[in-house]
Amino acid sequence: MDLYQGVPKYATSSAFDDRRFSPVSLTEVRALECSVTLLYNFEKAKNYLDWQIGTHGMIIEFEGDRGEKLSATYLPYVCSDQGWGQEECINSLVRKAGYKGRIDSKLRSNISLTRYQGCKAAINFAQYREKRMTGGRWNAAWNRVL
């Protein structure tokens, strides 16, 4: 899927279909910021600590206690935004993958980690509205509801 199709599709999905959050309401629209992170430079890591906070995002894959395959990912800025060190970030990612057991060195050593980098762009509602108005693509009727 190309960016032109993917961004609107996934923005809509994030706003209305993500089970972790309530759908975005009309009253929240003016406070929204939309960001897109383009991911690149995917590399297989040597081990679960072979990445840098603030530089790499990561995908982890491992087997759960019943042999089920589990995986999760964090974008490059997540761990630094949370103030986490590498171990804390990995532990959180293991939980995000759905693992409920004990996180120990044996589990961590069995993690397969792919690191990647990302380029993030963001825009808030006021900036979006201004760009649409400047480009003649803002419908004045939207002012009544937004």
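Scroll up for the structure.
Below you will find a few notes about this structure.

## Examining the overall build of the protein
The helix and strand inventory of the protein stands at six helices and four strands. Moving toward the C terminus, one meets the helices and strands of the protein in the order α-β-β-β-α-α-α-β-α-α. The C-alpha radius of gyration of the protein comes to 19 Å, more than 25% above the 15 Å expected for a compact globule of 146 residues. For the protein, buried positions account for 28% of its 146 residues.

## Considering unusual backbone geometry
Unlike most non-glycine residues, Asn 41 shows phi in positive territory, near 60°. Checked against the element boundaries, Asn 41 lands in strand 1 (residues 33–44). Owing to a relative accessible area of 38%, Asn 41 belongs among the partly exposed residues under this scheme.

## Notes on the packing of aromatic side chains
As enumerated under the stated definition, the model contains five aromatic pairs in all. Ring geometry for Tyr 74 against Trp 84: centres 5.8 Å apart, planes inclined by 40°, an arrangement best described as tilted. One end of the pair, Tyr 74, is in strand 3 (residues 69–74); the other, Trp 84, is in the loop between helix 2 (78–82) and helix 3 (86–96), with 10 residues separating them in the sequence. Taking relative accessible area as the criterion, Tyr 74 reaches 11% and is therefore assigned buried. Taking the relative accessible area as the measure of exposure, Trp 84 reaches 19% and is therefore buried. Ring centres of Trp 138 and Trp 142 lie 4.9 Å apart, and the angle between their planes is 85°; on these two criteria the pair is classed as edge-to-face. Judged by its relative accessible area of 30%, Trp 142 is partly exposed.

## What about the environment of Tyr 10?
With respect to the helices, strands and loops of the structure, Tyr 10 is situated in helix 1 (residues 3–16). For the pair Tyr 10 and Val 36, spaced 26 residues apart in sequence, the C-alpha to C-alpha distance is 9.8 Å.

## Some points on the nonpolar core
General note: in soluble globular proteins, nonpolar side chains tend to be found buried as a group. If you look at the biggest cluster of nonpolar residues, it comprises 22 residues, and the most contacted ones within it are Met 58, Ile 60, Phe 62 and Val 94. Those elements that provide at least two residues to this core are strand 2 (57–63), strand 3, helix 2 and helix 3. Looking at this core element by element, the count peaks at four residues for helix 3. Setting aside residues up to four positions removed in sequence, Met 58 forms contacts with Trp 51, Ala 72, Thr 73, Tyr 74, Cys 79, Cys 89, Leu 93, Leu 113, Thr 114, Arg 115 and Tyr 116.

## Details of the sheet that holds strand 1
Spatial strand order, 1-4-2-3: four strands in an open sheet with antiparallel pairing. The sheet is open, and its two edges are formed by strand 1 and strand 3, each paired on a single side. Strand after strand, the sheet turns through a mean of 25° between neighbouring axes, direction not considered. Pairing of strand 2 with strand 4 (residues 112–124) involves five bridges; the strand directions are antiparallel. Across the sheet, residue Ile 60 finds its bridge partner in strand 4, namely Leu 113. Here helix 3 sits on the sheet and contacts strand 2, strand 3 and strand 4; the angle it forms with strand 3, its principal contact strand, is near 125°.

What counts and how
- Residues numbered from 1 in each chain as written.
- Predicted model: local features only at pLDDT ≥ 70, side-chain atom pairs only at ≥ 80, totals over all residues.
- Heavy atoms only, no water.
- Helix = DSSP H or I, 4+ residues; strand = E, 2+ residues; numbered from the N terminus.
- Rg over C-alpha atoms; globule rule 2.2 N^0.38 Å.
- Buried < 20%, exposed > 50% of the residue type's maximum accessible area, 1.4 Å probe, protein only.
- Phe/Tyr/Trp six-rings, centres within 6.5 Å; stacked < 30°, edge-to-face > 60°.
- Core = buried A, V, L, I, M, F, W, Y, C linked by side-chain atoms within 4.5 Å.
- Contact = heavy atoms within 4.5 Å.
- Pairing = 2+ DSSP bridges.
- Axes fitted to C-alpha atoms, helices over the stretch in contact; angles between N-to-C directions.

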